[in-house]
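Take a look at the letters that make up each chain.
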Amino acid sequence: MATDTRYDALSGAAAPAADTARRFSVAPMLDWTTRDYRAFARCLTRHALLYSEMVTTGAILHGTPRGRFLDYSDAEHPIALQLGGSDPVELAECAAIGQQWGYDEINLNVGCPSDRVQNNMIGACLMAHPDKVARAVEAMQRAVDVPVTVKCRIGIDDQDSEAHLTQFIDTVAGAGCRTFIVHARKAWLQGLSPKENRDIPPLDYDRVHRLKAAHPDLHIGINGGITSLEACQQQLQHVDNVMVGREAYHSPYLLADVDRLIFGATTPVPSRLEAMQAYRPYVEQRLAEGVRLHTLCKPMLGLFHGQRSGRAFRRLLSERTTVKGAGIEVFDEALQMMQAAAMPRPSVDTE
């Protein structure tokens with residue numbers, strides 16, 4: 001279940017529903033969109049939809065303790081659980097567990113190109129089996145009341161024509177799925193690593209735009225290579241939602257303007273220092289639970305990128321937080337460094 005937290009991310013206002021928050025989301029990324037990253041992200045945006053890392057059905061059904069894979073803090077809402085699997089019975093069971101745990105959306109991964117997941121019939125390889133995905137989605141929807149969504153690619157290997165993508169979407173939509181987030185690159189399942197599959201296959205945003213135009217009744221989102229809120233705004237002229245991945249991790253302050261520019265919120269935009277201060281109580285709480293400071297500070301490494309003393313901030317966190325026994329005093333030292341850097345420099349009298 002969600003764990004209570006004493007920190008007040010932003011204003012502490014009620015979280016929007018997943019369907020509303022999906023207009024802008026942070027992509028699920030293995031080893032990156034951890035609960036600690038999501039907690040920090042919530043200190044920058046109240047409205048964006050945040051995704052868990054992909055969790056396989058096997059991990060949920062057989063891993064112990066289950067909270068290792070599913071725990072999060074209440075402030076992280078709205079939050080979606082991404083599942084990896086293909087067996088309809090197992091996916092339905094895991095979707096039901098996710099809803100019981102309090103997740104606001106259950107998403108099926110049909111986009112990961114890793115060899116490891118392919119061997120277990122997980123991820124992008126499922127695009128070659130639209131009927132199997134349809135059966136899985138249908139079973140998941142019967143098991144839960146929250147939205148069930150699909151994240152996929154525009155194609156795989158030689159099955160990458162517009163007709164292939166349309167057939168996949170139509171088949172899965174026929175089973176009741178109304179929301180698809182489409183990574184605008186095909187995936188080569190043989191010959192390219194997961195990293196290469198993020199860069200080498202060319203982006204084809206227009207194909208996703210045409211998919212939306214041909215399916216006005218479906219909620220179609222876009223993902224892949226989007227690195228600015230200006231680009232997000234442009235995409236939202238053609239699709240229903242936009243998902244940003246690594247840029248939202250490496251340059252987290254991008255999230256600070258999401259509520260204003262994407263959702264039209266009128267609340268003040270948090271400064272970098274305010275975000276760090278809002279995150280501090282969470283860090284203290286997690287340290288008391290035995291989590292290492294390095295793990296908790298990793299999501300902040302890019303917070304002051306391009307700012308005065310930004311390199312020194314990153315170096316301090318990279319080096320000092322890994323020392324055995326490092327505690328909140330290191331966090332506070334980094335905070336004080338950046339507070340000092342933000343002070344106006346004294347004018348120099350040249351007379």
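This text goes with the structure placed above it.
Just so it is clear, the structure is predicted and the values come from calculations on it, not from any experiment.

Structural notes on the sheet that holds strand β2 (residues 49-56)
Pairing is parallel around the closed barrel formed by eight strands, whose spatial order is β1-β2-β3-β4-β5-β6-β7-β8. Neighbour-to-neighbour, the strand axes of the sheet open up by a mean angle of 25°, direction not taken into account. Sheet topology note: the strand β1 (residues 24-26)/strand β8 (residues 241-244) ladder contains three bridges and is parallel. Bridging across to β8, V26 finds its partner in V244. The strands touched by helix α7 (residues 130-143) are β3 (79-84), β4 (105-110) and β5 (148-153); relative to β4, the strand with the most contacts, the crossing angle is about 165°.

Let's talk about the nonpolar core
Side chains of a nonpolar character, in soluble globular proteins, are inclined to be buried together. Core analysis: the biggest nonpolar cluster contains 100 residues, and F24, V150, F180, L255 and Y279 have the highest contact counts within it. Apart from the residues within four sequence positions on either side, Y279 is in contact with D36, A39, F40, C43, L296, P299, M300 and F331. Membership of the second largest hydrophobic core comes to eight residues, among which are A21, A80, I181 and M243.

Thoughts on unusual backbone geometry
Along the chain, T64 connects to P65 via a cis peptide bond; the corresponding omega equals -10°. Here P65 shows up in the loop between α3 (57-62) and α4 (67-70). Residues H77 and P78 are joined by a peptide bond in cis, for which omega reads 0°. Topologically, P78 is positioned in the loop between α4 and β3. Here D31, not a glycine, exhibits a phi torsion of approximately 70°, which is positive. Mapped onto the elements, D31 comes out in the loop between β1 and α2 (35-41). Overall, the relative accessible area of 54% leaves D31 in the exposed class. Phi at D157 takes a positive value of approximately 45°, unusual for a residue other than glycine. Within the fold, D157 resides in the loop between β5 and α8 (162-174). Given the relative accessible area of 22%, D157 is considered partly exposed.

Scoring rules and cut-offs
Residues numbered from 1 in each chain as written. Predicted model: local features only at pLDDT ≥ 70, side-chain atom pairs only at ≥ 80, totals over all residues. Heavy atoms only, no water. Pairing = 2+ DSSP bridges. Helix = DSSP H or I, 4+ residues; strand = E, 2+ residues; numbered from the N terminus. Axes fitted to C-alpha atoms, helices over the stretch in contact; angles between N-to-C directions. Contact = heavy atoms within 4.5 Å. Core = buried A, V, L, I, M, F, W, Y, C linked by side-chain atoms within 4.5 Å. Buried < 20%, exposed > 50% of the residue type's maximum accessible area, 1.4 Å probe, protein only.

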